[in-house]
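Results of the structural survey
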Amino acid sequence: MENSDFCSMPVWYPALAEWTFPTSFIRLRDEAVTYLASSDEEREKADRSFIPEIISELGKVMSRMSGAQVVSVDTCSPTDTERFESKRGAVHSPESAWRFLTLSEKVRQAAADGKVKHICVRPYRNMTLAREFRLFVFDGKLAAMSQYNLIRHYYRLDGVKDAYLALAEKFVESIAWKIPAGRVVIDIYITGSNKIMVVDLNPWGEPTSPLLLRKWERDWSVPAGIVLMEIPCKISGNVNVSF
């Protein structure tokens, strides 16, 4: 199995189910995939008779979960939509779930590339930004761990960073044998009870962002530990700035 194939949620979910949120999958008809891959102009002319069926199936799945949910497709989430900007992807109705999938250029491109077969539905979790990390697994070992949200330095991480790194290393040791080729990028969330939850898997290398590791051209066999945003520098006294 190729690394990129393993990063499809319906593929990795059975292997990592105990480490992630309960997820349901809705198989899409070919017509639905074609619709997602189409331009706005093509959609205007397309047959939409399959959409009520999708809304119905989404409704049945979402009714089995309490509260808001997050929807995605096999290899990506609609993070480029307004819904993710304002509500971090939380949706409350099947109509809204389908709408935001159709508005996403990321989803459109994934469908055009033949990487979409399912809609994936999981419960929405209001995650603390400071507890989200990206793990870089190289040849079955944790090569590096990066802060995920590059907004600012989180002082709360200073006292727990070593414990978080040890937790991540133990996690990777337990699941490394399940990863084809031994190389993958894993986005995780660490709960308040120090349990790792897998949020997403990404292929090794570009276009996946190396975040605070800055670049992919490096010796990944040398562990980089946990990398966090630096503490901001304070400048005091008389400061003259010229242009």
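For the structure, check the block above.
Side note on the sheet that holds strand S3 (residues 118–123)
Pairing within the open sheet is antiparallel, and its three strands lie in the order S1-S3-S2. This sheet does not close on itself; its edge strands, each paired only once, are strand S1 (24–27) and strand S2 (69–73). When the angles between neighbouring strand axes are averaged without regard to direction, this sheet yields 25 degrees. Here S2 runs beside S3; their pairing, made up of five bridges, is antiparallel. Following the sheet pairing, Ser 72 is matched in S3 by Cys 120. Against the sheet, helix H2 (residues 9–16) touches S1, S2 and S3, its axis set at about 40 degrees to S3.

As for helix H5 (residues 51–63)
For H5, spanning 13 residues, the distance from its first C-alpha to its last is 18 Å, which sits close to the expected 18 Å at 1.5 Å a residue. Here H5 has its buried residues at Ile 51, Ile 54, Ile 55, Leu 58, Val 61 and Met 62. Taken around the axis of H5, the buried residues stretch over an arc of 130 degrees, which confines them to a single face. Along H5, exposed side chains directed more than 90 degrees from the buried face belong to Pro 52, Lys 60 and Ser 63. On the buried face of H5, the contacting elements are S1, helix H3 (30–37), S2, helix H7 (94–103) and S3.

Focus on the packing of H3 against helix H8 (residues 105–112)
Direction vectors running N to C along H3 and H8 enclose 125 degrees, while the axes themselves pass 7 Å from each other. Between H3 and H8, the angle is such that the two are oblique. Remark: the crossing between H3 and H8 carries left-handed chirality. Residues Val 33, Leu 36 and Ala 37 of H3 form the contact with H8, whose participating residues are Val 107, Arg 108, Ala 111 and Ala 112. Taken together, the residues that form the contact of H3 with H8 break down as six nonpolar, no polar and one charged.

Cut-offs applied
- Residues numbered from 1 in each chain as written.
- Predicted model: local features only at pLDDT ≥ 70, side-chain atom pairs only at ≥ 80, totals over all residues.
- Heavy atoms only, no water.
- Pairing = 2+ DSSP bridges.
- Helix = DSSP H or I, 4+ residues; strand = E, 2+ residues; numbered from the N terminus.
- Axes fitted to C-alpha atoms, helices over the stretch in contact; angles between N-to-C directions.
- Contact = heavy atoms within 4.5 Å.
- Expected span 1.5 Å × (residues − 1).
- Buried < 20%, exposed > 50% of the residue type's maximum accessible area, 1.4 Å probe, protein only.
- Arc of directions from axis to C-beta.
- Parallel < 35°, antiparallel > 145°, perpendicular 65-115°, else oblique.
- Left-handed = near helix turned anticlockwise from the far one by under 90°.
- Nonpolar A, V, L, I, M, F, W, Y, C, P; charged D, E, K, R; others polar.

Geometric descriptors of this kind do not, in isolation, establish any biological role.
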